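Spelled out from the first residue to the last, the chains are:
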Amino acid sequence: MTEHYRPTKAVIDLGAIKKNLVAFQQKSGDAQVIAVVKADAYGHGVLAVAKTVIENGVSMLAVATPDEALFLRNEGIETELLVMGATPSSFIPVAQQRNIIVTAVSLEWLSMAAVQLSPDLNELKIHLKVDTGMRRIGIQLDEVDEAFGFIADHDFAFQGIFTHFATADEKDSSLFHEQVHAMNSVIDILEDPSVMVHVSNSAAATMHPELACDAVRIGISLYGIAPSPYVGEEMDFKLYPALSLETEIIHVKQIKTGEGLSYGATYRAEQDEWIATLPIGYADGMLRGLQGQDVLVKGQRVPVVGRICMDQCMIRLSEKLPVGEKVQLIGHQGGQQIFIDEWARRLETIPYEIPCILTKRVPRIYSDSTEVSNLPFQEPDIMLR
Ligand SMILES: *Cc1c(COP(=O)(O)O)cnc(C)c1O
């Protein structure tokens, strides 16, 4: 277990993840939930998240890259793993050996993979990705027949077919419906009923549970974050944000009217002000664009003032407070709360980016709000990143 002496940490509530998972399991009926744990489980720590969702009924995890899948296998995760991105030819025998499902992203990919197949190993499990309008990766609609033929003629274990929506989180649903229509035409010519069909991400699973098919791929909302403000408003169930970010005051002083602070001395005190320093900066993912963002101290909102440094930043207190006072950057304190969406708005980005940019210098500490004791605990067998 890594030791941490700096008070800055991301606390991940695994109980929140369980509750969000159950909500999607209920909403999706007979369809299974594929837990999307790419990018270190959207910054929440992939091992702890993987173990939590597996214990709660998930039987397939999805990642973006071959390396992410191998990491999970090497850590002893035995659940089905789907790599949703493209994999290179060198990975094909590894995928066969380690029982990792790979995605067929094009006709070229299928020919490449067919050449690499090792007949002595288990069959290569593939899911076929169809490009119905996202225009990122996937078989084109006019290539679907040829792809089905090619797969049938080679020793692939053809286990799934999927597509990805470009606008499921938006109010304008014209492209979304075009994509649904295109995917239906593909499913119509799919002869093997054992091939699982999955199309929905968090937004589609929330707004269109009738499209759940055999499985839904839930990423962002597993972590308690709405894919967009629009989906957040339309949601008919509650999400529980799993990540909170906290630190402690490490320095306090008064600055006089007119004095500046931090790089460039761009902030000037308008009166005598109590300024506290926090041990978190842009190298932790607290980007410079968060200057002016509120944090919670003593259940009150106070602003970040002056430029954010690499390892530290300053806040303006409304009264003198001691070193060691708790500061909540994301999450609840007193009756107040700051959600990831608020950071996203200030940074003019989407909430997805926020947990992903919290760097590995910020330890992930695990708690579980659904445990009776409700005490924060650290999973002894999980190395914090
Ligand atoms: C990331 C990803 C998802 C999960 O999307 P969310 O919006 O986070 O639920 C699903 N499918 C594919 C192909 C993805 O790349």
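Computed from a prediction, not measured in an experiment: that's the story for all the values here.

Peer 1: Which residues make up the site of the ligand, and what values go with them?
Peer 2: What surrounds the ligand is the set V36, K38, Y42, M84, R136, H164, N201, S202, R217, G219, I220 and Y352. A distance of 2.5 Å separates an oxygen atom of the ligand from a polar side-chain atom of Y42. R217 places a side-chain nitrogen or oxygen 2.8 Å from a nitrogen atom of the ligand. In isolation the ligand exposes 390 Å². Once the protein is present, 93% of that is buried.

Peer 1: Can you lay out the pattern of salt bridges for me, pointing to particular residues and giving the numbers?
Peer 2: According to the stated counting rule, one finds 12 salt bridges in the structure shown. A salt bridge links R6 to D284, with the shortest nitrogen-to-oxygen separation between them at 2.6 Å. Of this pair, R6 sits in the segment before β1 (9-13) while D284 sits in the loop between β14 (273-278) and β15 (294-297), placing them 278 residues apart in sequence. Assessed through its relative accessible area of 26%, R6 is described here as partly exposed. Put simply, R6, D284, D311 and R361 are held in one network by salt bridges that share partners.

Peer 1: Lay out the environment of E353 with the relevant residues and their values.
Peer 2: Among the structural elements, E353 can be located in helix α12 (residues 353-357). Residue classification places E353 among the partly exposed positions, given a relative accessible area of 41%. Remark: the alpha-carbon pair of E353 and D284, spanning 69 residues in sequence, is separated by 14 Å. At 2.5 Å, the side chain of E353 and the side chain of T349 are in polar contact.

Peer 1: Can you break down the domain arrangement of the protein chain residue by residue, with the values?
Peer 2: Along its sequence, the protein chain is organised into domain 1 (31-224) and domain 2 (243-367). The distance between the C-alpha centroids of domain 1 and domain 2 comes to 39 Å. Each partner contributes to the interface: domain 1 provides 7 residues, whereas domain 2 provides 6 residues. Overall, the association of domain 1 and domain 2 removes approximately 670 Å² of surface from exposure, summing both partners, and the carbon and sulfur fraction of that is 67%. The interface formed by domain 1 and domain 2 contains 0 salt bridges. Here domain 1 and domain 2 share 2 residue pairs in polar contact (both at pLDDT 80 or more) between them. Of the residues assigned to the side of domain 1 that touches domain 2, the class counts are 4 nonpolar, 3 polar and no charged.

Calculation criteria
Residues numbered from 1 in each chain as written. Predicted model: local features only at pLDDT ≥ 70, side-chain atom pairs only at ≥ 80, totals over all residues. Heavy atoms only, no water. Near = heavy atom within 4 Å. Polar contact = N/O pair within 3.5 Å; in protein donor to acceptor, adjacent residues only side chain to side chain. Areas by Shrake-Rupley, 256 points an atom, 1.4 Å probe, with all protein chains shown as cover. Salt bridge = Lys/Arg side-chain N within 4 Å of Asp/Glu carboxyl O. Helix = DSSP H or I, 4+ residues; strand = E, 2+ residues; numbered from the N terminus. Buried < 20%, exposed > 50% of the residue type's maximum accessible area, 1.4 Å probe, protein only. Domains from an automatic or database assignment. Contact = heavy atoms within 4.5 Å. Buried area = accessible area lost by both parts, 1.4 Å probe. Nonpolar A, V, L, I, M, F, W, Y, C, P; charged D, E, K, R; others polar.

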